[in-house]
Protein chains: 2
Amino acid sequence: MKFSPALQELMEALRCLPGVGPKSAQRMTLYLLERDREGATVLSRALQAAVERVDHCSRCRNFTELDICEICEDPRRDASTVCVVETPADVLAVEQSGSYRGLYFVLMGHLSPIDGIGPAEIGLDKFHRRVIDEGIDEVILATNPTVEGEATAYYLSDVLHNEGVKVSRIAHGVPLGGELEYVDGSTLAHAFSGRRPVE
Amino acid sequence: MKFSPALQELMEALRCLPGVGPKSAQRMTLYLLERDREGATVLSRALQAAVERVDHCSRCRNFTELDICEICEDPRRDASTVCVVETPADVLAVEQSGSYRGLYFVLMGHLSPIDGIGPAEIGLDKFHRRVIDEGIDEVILATNPTVEGEATAYYLSDVLHNEGVKVSRIAHGVPLGGELEYVDGSTLAHAFSGRRPVE
């Protein structure tokens, strides 16, 4: 036995959300129809609006509805420093730490030759021009400490090597509140090789 | 720092889904925008279509896009028996067990005087008329074994007492595959009081 077509279609459509399987989709569908039809209507409109209006900032590639995003336009930010991250969620994480006042460049991914993702696909040609044109002083590489993220960081530092710009990589090591006992070996190796003299 | 308004609105709108908190909503929003804009469009349309088209069957109150739902219209089903359940999900569960060929009546809730939900709100007046008009032989009460579900079942059996219709309640006891050791006391008490002679 199946539900009526419109319910069945909604259940299948909800599966596009990450982490939503058939049981959750069924629960969500019945919940919305039974108890929150208004919420469903609002959600329908919000999805449509986001898909239609949200695009990439033409300067930093982050999501925005404007041509140039709010961070890029903010005159209080230090335009001489650019932090390179993989995704908009990374921008949010860095912003929430409150430790950075420069600009961003969002790759929307990382180098992955096996998936056909080369430098052009993640906007590195554009970023290279931007570094030269805008006279950036420092580029901070904050890609993820994964194989692909490291490769992307390495590629970028190589490309920018001859442009007279300072290139740095964020530190990797034991996280605050972490216990040495439970930290994995690669992180510990990073923590030891990146040790600094106590002043 | 916040995302752009359309993203922010989508994140808040996703919170209407059961089990979706702020972190999941953010993850879903970025996932859809980055990787599945088509899925987001499909979901938007499916939500709108379901809200606009799905209503209650005028006979059994289950969700349907038709006036009378497919189960009620099916001539192969036994129209002399009606099973009373609380929600459309319960109908699906009974259907999937493959053990029932009669019709349904979906209360879309249960009696709950404290929330202002009386017999009329869950369609019991309508159901009472249906039992008389259609000459139903047996009413199977399959409301949940909760305080409200039991009260609803008790109320219905009381109302139907004088209508010359057989009223039964589904059995409660130890579930198949369940281990006695882990079954709660109330269920065990039900299992003992509902014991049947071995033939």
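Everything quoted here is computed from the prediction, not taken from an experiment.

K.L.:
When you look at the interface of chain B and chain A in this model, what are you seeing that I'm missing?
P.N.:
Quite often, the size of an interface is put as the accessible area lost when its parts meet. Contacts between chain B and chain A engage 51 residues on the former and 51 residues on the latter. Between chain B and chain A the total buried area reaches about 4600 Å² when both faces are included, carbon and sulfur atoms providing 74% of it. Connecting chain B to chain A are zero salt bridges. Between chain B and chain A we count nine residue pairs in polar contact (both at pLDDT 80 or more) in total. Every element with two or more residues in the side of chain B that touches chain A is listed here: helix H1 (5-14), helix H2 (22-35), helix H3 (37-53), strand E2 (63-64) and helix H5 (88-97) of chain B.

K.L.:
Help me understand the nonpolar core, please; the structure alone is not making it clear to me.
P.N.:
The nonpolar side chains of a soluble globular protein tend to be buried with one another. Core analysis: the largest hydrophobic core is formed by 47 residues, its most contacted members being Leu17 and Leu43 of chain A together with Leu17 and Leu43 of chain B. Where this core is concerned, the elements lending two or more residues are helix H1 (5-14), helix H2 (22-35) and helix H3 (37-53) of chain A together with H1, H2 and H3 of chain B. Beyond its immediate chain neighbours, meaning those up to four positions away, Leu43 of chain B contacts Leu10, Ala13, Leu14, Cys16, Leu17 and Leu47 of chain A. One finds Val84, Val85, Ile122 and Ile140 of chain B within the second-largest nonpolar core, a separate group that totals 30 residues.

K.L.:
Can you help me understand the UniProt feature "domain: Toprim" (unreviewed entry) in chain A in this one?
P.N.:
Residues given the UniProt feature "domain: Toprim" (unreviewed entry) here are residues 80-175 of chain A. End-to-end, the C-alpha atoms of residues 80-175 of chain A are 28 Å apart, and along that stretch the chain is 36% helix and 20% strand.

K.L.:
Looking at this structure, how should I read the sheet that holds strand E3 (residues 78-85) of chain B?
P.N.:
Whether parallel or antiparallel, the strands of a sheet pair through hydrogen bonds between backbone atoms. Residue and element names in this part refer to chain B. Taken together, the four strands give an open sheet; going across it, the order is E4-E3-E5-E6, and neighbouring strands pair in parallel fashion. Of all strands in the sheet, those with a lone pairing partner are strand E4 (102-106) and strand E6 (166-169), marking the two edges. When the angles between neighbouring strand axes are averaged without regard to direction, this sheet yields 25°. Note that E3 and strand E5 (residues 138-141) share four bridges and pair parallel.

Calculation criteria
All residue numbers refer to position in the chain's written sequence, counted from 1. Numbering of ligands from 1 and lettering of chains from A proceed in the order in which they are written. Only residues with pLDDT of 70 or above have their local features reported here, since the model is predicted, and side-chain atom pairs are shown and tallied only from 80 upward, although totals for entire chains, interfaces and linings are computed over all residues. Each side-chain value is worked out from all heavy atoms of the structure, with water and hydrogens disregarded. For this analysis, residues touch if any pair of their heavy atoms sits within 4.5 Å. Once two parts are put together, the accessible area they lose, assessed with a 1.4 Å probe and summed over both, is termed the buried area. Just to be clear on terms, a salt bridge is a Lys or Arg side-chain nitrogen sitting within 4 Å of an Asp or Glu carboxyl oxygen. Any pair of nitrogen or oxygen atoms within 3.5 Å is treated as a polar contact; in protein, a donor-acceptor pairing is required on top of that, and neighbouring residues in sequence qualify only through side-chain atoms on both sides. In this description a helix means any DSSP run of H or I spanning at least four residues, a strand means any run of E spanning at least two, and both kinds are numbered starting from the N terminus. Working definition of a nonpolar core: buried Ala, Val, Leu, Ile, Met, Phe, Trp, Tyr and Cys residues. They are joined through side-chain atoms within 4.5 Å. Buried means the residue's accessible area, taken with a 1.4 Å probe over protein chains only, is under 20% of the maximum for its type, while exposed means over 50%, and partly exposed covers the values in between. UniProt positions are given in the numbering used here, feature names are shortened, and annotations may be inferred rather than shown by experiment. In this scheme, strands are said to pair when DSSP sees at least two bridges between them. Axes here refer to lines fitted to C-alpha atoms; in helices the fit is confined to the stretch in contact. Angles between the N-to-C directions go from 0 to 180 degrees.

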